[in-house]
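Architecture and fold: a report
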Amino acid sequence: MAYSSNLGIGRMGANRELKKAVEGYWKKEISEAELHDTAKQIQLNNWKMQKDAGIDLIPSGDFSMYDQVLDTICMVGAVPQRYNKNQSFSELYFAMARGQQDKAKGINVPAMEMTKWFDTNYHYIVPEFERGQKFSAHAEKPVITYNLAKENGFETKPVIIGPITFLLLGKMKDGGSTLDLLPNLLPVYEEIISQLAKAGAKWIQIDEPALVLDLPEVARDAYKKTYEKLAKAANVKILLATYFEDLKDNLDLALSLPVTALHLDLVRAPGQLESALAKAPKDLILSLGVIDGRNIWKNDFAKSLSLLEKAASKLGKDRVIVAPSCSLLHTPVDLDLETKLDSELKNWLAFAKQKLSEVSVLAKALNQGEAAVKKELAANAEAIKSRKNSARIHNPGVKKRTESITEDMAARKSPFARRKQIQNQALGLPLLPTTTIGSFPQTTEVRAARAEFKRGKLSQTEYNNFLKKETEKTVRYQEKAGIDVLVHGEFERNDMVEYFGEQLEGFAFTSNGWVQSYGSRCVKPPVIFGDVSRKGPMTVEWSKFAQSLTKKIMKGMLTGPVTILQWSFVRDDQPREITCKQIALAIRDEVSDLEKAGIKIIQIDEPAIREGLPLHKKDWQAYLKWAVDSFRISAASVKDETQIHTHMCYSEFNDIIGNIADMDADVISIETSRSQMELLDAFVSFKYPNEIGPGVYDIHTQRIPAKDEIENLLRKALKVLSADQIWVNPDCGLKTRGWKEVEPALEAMVEAAKELRGELAGGKKATA
Ligand code: GLN
Ligand code: ZN
C-alpha cells in the first residue's frame, strides 16, 4: 500500500487567527495563555483537516508561532547571548524575532536577521553562531506537540529541520564555517530524535532542502556522517525531505543515506524521477511530491498518476508515498472560502485543503485502481480540459505580439552616453539631483478613505477628490522642501502589484488567499490565469494631474514586469518567461502613454528581480537574460530625452551587477543605507556606466538621519562614482513612515545634497 503524506501546512488558520492572536499578544491585548489556546486550536483544526482528507502521514511540529527556523534555534539551544534568558519563553522568543526595546529599563536589543527561505517569498530567522558554539537539546516543542496530537486522536509524523540545512542557513558571527559546529550539534539531534521515538513517534520527517543546492564536498561528507549517526539514534523511520529543486549532483548522495524514505519534488523537477528509480537502493521508499505546494492550480491527475504508476511498477506500491511537492505553508488554506471567484476559474484552482484531497485521491487510485476514484478522475479531467481550452486564458492577439517581440524593441534608440547629453539638456537638473522612491506616508486617513470607498461609503468622486488633495499636499511639500524630481505619492495604490493587476486582463484576486510572508505578516498574491494585456491607461490620469500642479518634473511610477510576475501566483501552463514578456508589453504601452502625456521621467520598479534567481547558479544567466529583457522591453519604447529610472530594494546585488547594468535604465535607485553603502564595493572593480541613487537613509526604521550622516554616505559614494552619476534619495518608498519622520529626513537629505553640490561647484574636494 502506498501511503498518502503531507509535509507541512500553513499556520495562520483559515481566517488568519494566528496573526490576530500574535499581534494581540504583542499589544498586550491578550494573555500568553490565550495565545497558546489559539495556537492549539489551529493545530487541532489542521490535524483534523488532514485526517478528514484521508492523509496517512500527518505532520506535527510544522506549526510555529513565528518561524520554523527560529523554533529550531530554540530547540537546539542556539539563542544568541544578547537575549535575556530571564524572561518567559514567549517574551524571549519574540525578542529574537522582533527585537526588544524598553526605554525605562534601558533595554534595546535588535532582532535577529531575516532572509528568504530558498526561492520562496517566506522569510526565516537566520541562525547566528559563534566559534565553538555549544548546543543543548530542548525537545519540548516537538514532543509536546506530538503528544497533543496523540491525545486528540491524531497519530503524527514530527517534522524537524535537518542539522545540515540548519547549519548551512546560519551565519558565523566571527568567521569560520558553520559546518565546523556539526560535532557539537549532532548529539543534540540524536537526543531529540530519541526523545520523539520514546514519545511514540513511528516516523520523523527531517527536512533537508539544502540538498538541492550546489554543495561543497565538505557539506556532502557532512550529510553522510550525519545520517549514519541519526539513523542509529532511535528505532524510528526517517523520511528525509528535499524540495524546491532537482537534486542533480546530490541525487546519488541523497539516495545513499541510510533513511527509510526520501522525498523528491516532482513538480519543480519531474525529470529526477527516472534516475531516482534507476538508482534507488533496495528497500528505500520514495515519497513523490506530485502536487504543487507553491501554486494554486488544480493538479492534473492523469499526469501525476503516470508518474506514480511508473514508480509503483518499478518499486512496488509499498515503496511509494504520495505527497505535495513541499510544505503547503506556501499556499492559501481553503478555496471553499472564496465566494467571489467565478465558478469557472474556481474550478481550476486548489488551495491547501483541496490539495490534501488530491493527495488522497491519487493514493487511492494507485492502491485500489483508477476505478475506485472514477468520479474524481473524470471531474478532474474535465476541469483540466476546461482550463486548457478556455477563451479567457487565450488571447491570440497577445500571443502573436509576444511571439513577434524583436530585439530592437528591447533597445533604446541611442546608447546611454548619448542619452545622457540629451537628457541633461531636456531636464535641466542640478548635480546630485534629489528625489524619492515614489510612495509618501499611507496615513490612517488614507487607509480609512480607501476602506470607506471599498465599502461604498465614499463615492468614486469623493474618493478621487480626497486622493487629489493628498497628492497636491505632497507636491506642495516636495516643492517647499526643495526636492528636484517630484513624485505624486501613490496614495491611490494599496499595493504595488495589486494596483496594476486589477487593471490588467488575465489577473484574478482572491478575498482570503493569504500566505505567510514572515512572522505575522501575510500576503495575498494575485492569480495570473491568462494572457496578460492592458485594458487601457492605468496611471496616466494621476501622473498628468500631479504634473499639472507643478513646474518641476513629476516622475511617473510603474511596477516592472518581473516584480509583478514574482509577487503573483503564476500560470503553470506556459514558461514564466512568456508570462513576464506579456506583462512587459502591457507596461511598455503604459510607458508610451505616460510619455505622450508629457511625463519626462518614468520609474519602473523592479524590487523583486533578484528574488527570481534560481537556486542553482548555473541556471542564473538564463533567468537573468529574460528578466532583464523583460525590463528592457517595458522601458525601451521612449525617446532619448525621456529618462527611465528603476528601483531595487536589496543590497546584495554585487554578484549580478553586470546584469543590472544590462537593464540600461538611465537611473537606478537602490537600497544601501543599512549596509553603509557596502554595495559601493562593487563599483570599485565594475564601472557602472549609468546614473545611480544609492539610498542615503534607511526608511525601514523610525530613526531620522542627520544631515552629516547623509553627507558622509554621499562622500563615500563620490569616491567610487563620478559626481555626475549620483542621485540623492532615500533607500525605498516612504509609505510605511509618518510625515513627522519623513519631513525632517528629507530636509536633511536636501541640505546634504546642497552642501556637496556647493563644494563640487566651488572646486573643493568633496571626496576628502
Ligand atoms: N515605488 C514604490 C514605493 O515607493 C517602490 C516600493 C518598493 O520598492 N517595494 O512604494
Ligand atoms: Zn524599495
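Higher on the page you've got the structure.
Residues numbered from 1 in each chain as written. Chains lettered and ligands numbered in written order. Predicted model: local features only at pLDDT ≥ 70, side-chain atom pairs only at ≥ 80, totals over all residues. Heavy atoms only, no water.

What follows is about the nonpolar core. Counting 134 residues, the largest nonpolar core has Trp 117 and Leu 288 as the members making the most contacts within it. Excluding residues within four positions of it along the chain, Trp 117 makes contact with Gln 68, Val 69, Tyr 122, His 123, Tyr 124, Ile 161, Leu 169, Pro 209, Tyr 243, Phe 244 and His 330. If you look at the next biggest cluster of nonpolar residues, it comprises 95 residues, including Ile 599, Ile 656, Ile 699 and Leu 718. (Core = buried A, V, L, I, M, F, W, Y, C linked by side-chain atoms within 4.5 Å. Buried < 20%, exposed > 50% of the residue type's maximum accessible area, 1.4 Å probe, protein only. Contact = heavy atoms within 4.5 Å.)

Let's shift gears to the coordination of the zinc ion (ligand 2). Four donors placed tetrahedrally about a metal ideally form angles of 109.5 degrees, and six donors placed octahedrally ideally form angles of 90 or 180 degrees. Here the zinc ion (ligand 2) is held by His 647 (NE2), Cys 649 (SG) and Cys 732 (SG), and the distances to it run 2.1 to 2.5 Å. Of note is the zinc ion (ligand 2), whose 4 donor atoms meet at the metal with angles of 86 to 125 degrees in an arrangement that counts as tetrahedral. On the basis of relative accessible area, His 647 is assigned to the buried category, the value being 3%. Residue Cys 649 is classed as partly exposed on the basis of its relative accessible area of 26%. (Donors = N, O, S within 2.8 Å, 3.2 Å for Na, K, Ca; no water. Tetrahedral: all angles 85-135°; square planar, octahedral: opposite > 155°, others 65-115°.)

This brings us to the site of ligand 1. Every residue near ligand 1 is listed here: Ile 437, Gly 438, Ser 439, Glu 490, Met 496, Asp 605, Pro 607, His 647, Cys 649, Cys 732, Gly 733 and Lys 735. Side-chain polar atom of Ser 439 to an oxygen atom of ligand 1: 2.8 Å apart, as the coordinates give it. Contacts to ligand 1 include Lys 735, whose side-chain N or O atom sits 3.3 Å from an oxygen atom. In the complex, the protein chains occlude 94% of the 300 Å² of accessible area that ligand 1 would expose alone. When its residues are assigned to classes, the shell around ligand 1 shows 5 nonpolar, 4 polar and 3 charged. (Near = heavy atom within 4 Å. Polar contact = N/O pair within 3.5 Å; in protein donor to acceptor, adjacent residues only side chain to side chain. Areas by Shrake-Rupley, 256 points an atom, 1.4 Å probe, with all protein chains shown as cover. Nonpolar A, V, L, I, M, F, W, Y, C, P; charged D, E, K, R; others polar.)

This next bit is on the packing of aromatic side chains. All chains considered together, the criterion is met by 23 aromatic pairs. Residues Trp 117 and Phe 118 carry aromatic rings whose centres are separated by 5.0 Å and whose planes lie at 90 degrees to one another, so their mutual orientation is edge-to-face. Side by side, Trp 117 and Phe 118 carry an identical accessibility label, which is buried. Look at Phe 118 and Phe 244: their rings are 5.8 Å apart centre to centre, the planes differ by 50 degrees, and that puts the pair in the tilted class. Of this pair, Phe 118 sits in the loop between strand E5 (114-116) and strand E6 (123-125) while Phe 244 sits in the loop between strand E11 (237-241) and helix H9 (251-256); the two residues are 126 residues apart in sequence, bridging distant segments of the chain. You'll find Phe 118 and Phe 244 in the same group, each marked buried. The rings of Tyr 25, Trp 26, Tyr 66, Phe 89, Tyr 93 and Phe 94 are connected pair by pair, giving a single aromatic cluster. Seen from the ring of Phe 244, Arg 294 lies directly overhead, with NZ or CZ sitting 4.9 Å from the centre. (Phe/Tyr/Trp six-rings, centres within 6.5 Å; stacked < 30°, edge-to-face > 60°. Helix = DSSP H or I, 4+ residues; strand = E, 2+ residues; numbered from the N terminus. Lys NZ or Arg CZ within 6 Å of the ring centre and 35° of its normal.)

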